[in-house]
Structure formats: structure tokens, C-alpha cells
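Residue-level listing of the chains:
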Amino acid sequence: MSGLGPSPLKVRARLSTSIRLDEVRPEYHRAVVTYDRGTGGYEAASTGVQRSSRLMSMVSPGGVAANGLVMLPSGGDAGRGEVGKGEEFDVLMIGEVLAARRRGR
């Protein structure tokens, strides 16, 4: 993956997996955000366990550093316990947006 240049401060991205919501608090969920030129859309992939004491969650299982914080509502505000794959949320960018890998390459 390569960088696409200066990143916007906030983007709207599709989740690549479902994410469990905290019942009480809204969260900023660490993620790797990519941009697909083919679809013209952003996708956010969770970096895994999000505990504040777990700094390894700043890096995805594939070794790519988190570059965005997905802005998730509390479970109470959302009226449910999780958000699903494919749903869109605002993401605060904390790093350079990455180009999505082409499938089949």
C-alpha cells in the first residue's frame, strides 16, 4: 500500500467488520483506513482489542499502523450492542490515508 498524499481531517468510511459498542460511552475506535479509487470510498478496518492499556492496538495484525479513529456512538445511544460490517461512520484521520490493495494481486 502506498500513501495518497495529504489526508483530510475527517472522512466517512465503511466498516470492514462488525464492532461491539460500549453500553455507556461513545468511543474512538482505532482503525486502518484505506481509500479505494475504484469505488471512490473509504474503508475502516479495526486494529483489534481497544483497551487503553493496549498500545499494540495502534498496529493492525498485518503490521500497518492505525491512521484513523472511528467515531462510534454508545450502545445506549445507538439502541443496540454492535454496529455491522458495511455501516458507515465518521473517522478522524490521525495519519496518511492508504490506497486499498487491488484484489487478486
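Check the entry above for the structure.
Bear in mind that the values here come from a model prediction, so they are computed numbers and not experimental data.

Caption draft 1: Spatial organisation of the side chain of serine 16. Structurally, the position occupied by serine 16 is in the loop between β1 (10–15) and β2 (19–20). Look at serine 16 and you get buried, because its relative accessible area is 17%. If sequence neighbours within four positions are ignored, serine 16 has contacts with Glu43, Ala44, Ala45 and Lys85.

Caption draft 2: Quick look at the pairing of strand β5 (residues 68–72). In terms of burial, β5 is a largely internal element, four of the five residues being buried. Summarising the sheet, β5 and strand β7 (residues 88–93) pair through three bridges and their orientation is antiparallel. Bridged to valine 70 within β7 is valine 91.

Caption draft 3: Expanded view of the nonpolar core. Ranked by internal contacts, the top residues of the largest apolar core, which has 15 residues, are Leu15, Ala44, Val70, Leu72, Val83 and Val91. Of all the secondary structure elements, the ones that give two or more residues to this core are β1, β3 (27–36), β5 and β7. If we ignore the near neighbours within four places in the chain, the residues touching valine 83 are Leu15, Ser18, Ile19, Leu21, Leu72 and Phe89.

Caption draft 4: Spatial organisation of the side chain of asparagine 67. Relative to the elements of secondary structure, asparagine 67 occurs in the loop between β4 (41–46) and β5. Its relative accessible area of 3% is what places asparagine 67 among the buried residues. A distance of 2.5 Å separates the side chain of asparagine 67 from the backbone nitrogen of valine 33, its partner in a polar contact. Once residues within four sequence positions are removed from consideration, asparagine 67 is found in contact with Ala31, Val32, Val33, Leu92, Met93, Ile94, Gly95, Glu96, Val97 and Leu98.

Caption draft 5: Seen up close, the pairing of β4. Pairing analysis gives three bridges linking β1 to β4, with the strands arranged parallel. Opposite alanine 13, over in β4, you have tyrosine 42 as the bridge partner. Bridging between β3 and β4 involves six bridges; their strand directions are antiparallel. Within the sheet, the bridge partner assigned to tyrosine 35 lies in β4 and is tyrosine 42.

Caption draft 6: Quick peek at the pattern of salt bridges. All told, the structure shown has four salt bridges when counted by the stated rule. With a shortest N-O distance of 4.0 Å, glutamate 88 and arginine 12 are connected by a salt bridge. Here arginine 12 lies in strand β1 and glutamate 88 lies in strand β7, a separation of 76 residues in the sequence. Glutamate 87 is the salt-bridge partner of arginine 80, the closest N and O atoms lying 2.8 Å from each other. Salt bridges sharing partners connect three or more residues here, namely Arg12, Glu88 and Asp90.

Criteria and cut-off values
Residues numbered from 1 in each chain as written. Predicted model: local features only at pLDDT ≥ 70, side-chain atom pairs only at ≥ 80, totals over all residues. Heavy atoms only, no water. Helix = DSSP H or I, 4+ residues; strand = E, 2+ residues; numbered from the N terminus. Buried < 20%, exposed > 50% of the residue type's maximum accessible area, 1.4 Å probe, protein only. Contact = heavy atoms within 4.5 Å. Pairing = 2+ DSSP bridges. Core = buried A, V, L, I, M, F, W, Y, C linked by side-chain atoms within 4.5 Å. Polar contact = N/O pair within 3.5 Å; in protein donor to acceptor, adjacent residues only side chain to side chain. Salt bridge = Lys/Arg side-chain N within 4 Å of Asp/Glu carboxyl O.

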